[in-house]
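Results of the structural survey
Residues per chain, in single letters:
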Amino acid sequence: MTVYFIGAGPGDPELLTLKAARVIGACPVCLYAGSLVPAEVVECAPKGARVLDTAPMTLDDTHAEILAAHKRGQDVARVHSGDPSLYGAIAEQIRRLRADGIDYQIIPGVPAYAAAAAALGQELTVPEIGQSIVLTRMSMKSTSMPEHETLENFARTRTTLAIHLAIRNLREIERQLIPYYGADCPVVVAYRASWPDQLFIRGTLSDIREKVRAEKITRTALIMVGPVLGEVTDFKDSALYDPEIPHVLRPKVLV
C-alpha cells in the first residue's frame, strides 16, 4: 500500500488538481485535515471509504489508522490544506512511515499565497519592484523558529513577505517591519482565500491592525507585505517578450 500526502489547495474544491482528485477517488481510506480542508474536497472518495476528519486526532491516532490500513493492504489519502510542503506537518508523519517501511508519495497543491494573488488579480513578482517572496511565520504558541529566521532578518531584504500563522501578532509585525518597509508599506490580509466567505483587507503597516480588528479576524488568514501589493503602474516591462531581447524560442529578426 501507499500513503498519499495530498495538497487540497486553499479551500475551493475546484482548485484540487486532477491527480489529487483521482487518487482520493481511488483510496479506501481518506484522512483529511477538516479544520482547513472543506468536506466537499473529499466527497470524491469512493463509496464505502473510511473517511476521517483528523482535526481532533493526534499524530499517534492518525498513524494508527495508517498502520491498520497497511495491514489491510489499503492505500491512504492523507489530505492536507494548501501544499503539503509548506506548514503541512508531514515531516513527522514521513519519519514514522519510513521507520515502519511504508511507502508514500506527495501530490502538490495550490498554496494560499497563490490563491490570494489570483483573487487580488495581480502578479507578486513585478519587474524592478519585487522579484522575491519570503514564505514565513512567527513564533507564538506553535513550534519555535530557528534563531536566524527572524522577521527582522527577512525585513532587511525589503522583499515581499507572506506571513503565515501570525494574524494575532500584528502589533509585533508592525513593530519589526516599519523600520525597514516604512509605515505606508502596503499590506493585504487574506482571510480564507478561495472559500465562499473569503475576505481581503488592504491597508498599510500603520493601519492594518485596526482594520483586521474591526473585521474580528483571529485565524485562517495570510498576511502579505510589500510594495508590489500597492497600486503599482510605473514599472518596466519584463524582458520576456521584449523584441530587442531574443532568446532560443524567439531569435531576433534581422532587418
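Use the structure listed above.
Heads up: these notes are all about the structure in this document. (Residues numbered from 1 in each chain as written. Predicted model: local features only at pLDDT ≥ 70, side-chain atom pairs only at ≥ 80, totals over all residues. Heavy atoms only, no water.)

1. Digging into the state of the cysteines
Summed over the entire model, instances satisfying the criterion amount to zero disulfides. Sulfur of cysteine 30: no disulfide; nearest cysteine sulfur belongs to cysteine 44 and is 7.6 Å away. (Disulfide = S-S within 2.5 Å.)

2. Quick word on the nonpolar core
It is characteristic of soluble globular proteins that their nonpolar side chains tend to be buried jointly. Core analysis: the largest hydrophobic core is formed by 24 residues, its most contacted members being Leu161, Ile163, Ile173, Leu177, Ile223 and Val225. The greatest single-element share of this core, amounting to four residues, is contributed by helix H6 (residues 170–181). Contacts of valine 225, omitting those with residues within four sequence positions, involve Thr159, Thr160, Leu161, Ile163, Leu177, Tyr181, Cys185, Pro186, Val187 and Leu205. Residues Cys27, Ala33, Ala45 and Ile107 belong to the second largest nonpolar core, which totals 18 residues. (Core = buried A, V, L, I, M, F, W, Y, C linked by side-chain atoms within 4.5 Å. Buried < 20%, exposed > 50% of the residue type's maximum accessible area, 1.4 Å probe, protein only. Helix = DSSP H or I, 4+ residues; strand = E, 2+ residues; numbered from the N terminus. Contact = heavy atoms within 4.5 Å.)

3. Section: the layout of surface pockets
Each pocket or cavity is described by its volume, and for the largest pocket that value is around 1,500 Å³. As for the largest pocket, its lining consists of 45 residues, and the residues nearest its centre are Ser35, Leu36, Ser81, Tyr87 and Leu165. Contributing elements (two or more residues each) for the lining of the largest pocket: helix H2 (59–72), strand S4 (76–80), helix H3 (91–99), helix H4 (112–120) and strand S10 (221–225). Of the residues in the lining of the largest pocket, the class split is 21 nonpolar, 16 polar and eight charged. (1 Å grid on protein atoms, 1.4 Å probe; cavity = no way out; pocket = protein on both sides within 12 Å on 5 of 7 lines; lining within 4 Å. Points joined across faces, edges and corners; volume = space filled by probe spheres on them. Nonpolar A, V, L, I, M, F, W, Y, C, P; charged D, E, K, R; others polar.)

4. Some words on the packing of aromatic side chains
In total, this model carries one aromatic pair according to the counting rule given. When the ring centre of tryptophan 195 is taken as reference, the NZ or CZ atom of arginine 192 above it lies at 3.9 Å. (Phe/Tyr/Trp six-rings, centres within 6.5 Å; stacked < 30°, edge-to-face > 60°. Lys NZ or Arg CZ within 6 Å of the ring centre and 35° of its normal.)

5. Considerations on the pattern of salt bridges
Taken as a whole and assessed by the stated rule, the structure comprises nine salt bridges. For arginine 96, the salt bridge is made with aspartate 60, and the minimal N-O distance between the two is 2.7 Å. Placement of the pair is arginine 96 in helix H3 and aspartate 60 in helix H2, with a sequence separation of 36 residues. Between lysine 211 and aspartate 207 there is a salt bridge, and its shortest N-O distance comes to 3.9 Å. (Salt bridge = Lys/Arg side-chain N within 4 Å of Asp/Glu carboxyl O.)

6. Concerning the side chain of threonine 62
Inspection of the secondary structure assignment puts threonine 62 in helix H2. A polar side-chain atom of threonine 62 sits 3.0 Å from the main-chain carbonyl oxygen of leucine 59. Apart from residues lying up to four places away in sequence, threonine 62 is in contact with Leu31, Thr54, Met57 and Arg78. (Polar contact = N/O pair within 3.5 Å; in protein donor to acceptor, adjacent residues only side chain to side chain.)

7. A word on the packing of H2 against H3
The description of two helices packed together rests on the angle between their axes and the distance between the axes. Their axes nearest at 11 Å, the elements H2 and H3 cross at an angle of 45°. By the angle between their axes, H2 is oblique relative to H3. For the crossing formed where H2 meets H3, the hand is right-handed. Contact residues: Leu59, Asp60, His63 and Ile66 in H2; Glu92, Gln93, Arg96 and Leu97 in H3. Here the contact of H2 with H3 is built from residues that sort into three nonpolar, two polar and three charged. (Axes fitted to C-alpha atoms, helices over the stretch in contact; angles between N-to-C directions. Parallel < 35°, antiparallel > 145°, perpendicular 65-115°, else oblique. Left-handed = near helix turned anticlockwise from the far one by under 90°.)

8. Overview of the sheet that holds strand S9 (residues 199–204)
Pairing is mixed across the open sheet formed by five strands, whose spatial order is S6-S7-S10-S8-S9. The open sheet has two edge strands, strand S6 (133–137) and S9, and neither has a second partner. Each neighbouring strand pair of the sheet contributes to a mean axis angle of 20°, computed without reference to strand direction. Pairing analysis gives three bridges linking strand S7 (residues 160–164) to S10, with the strands arranged antiparallel. (Pairing = 2+ DSSP bridges.)

9. Examining the sheet that holds strand S2 (residues 29–32)
Sheets are built from strands paired through backbone hydrogen bonds, the pairs being either parallel or antiparallel. Taken together, the five strands give an open sheet; going across it, the order is S3-S2-S4-S1-S5, and neighbouring strands pair in parallel fashion. Across the chains shown, the open sheet's two edge strands, defined by having one partner strand only, are strand S3 (50–53) and strand S5 (103–107). This sheet shows a mean twist of 15° between the axes of neighbouring strands, independent of strand direction. Pairing analysis gives four bridges linking S2 to S4, with the strands arranged parallel. Across the sheet, the residue bridging to leucine 31 is arginine 78, located in S4.

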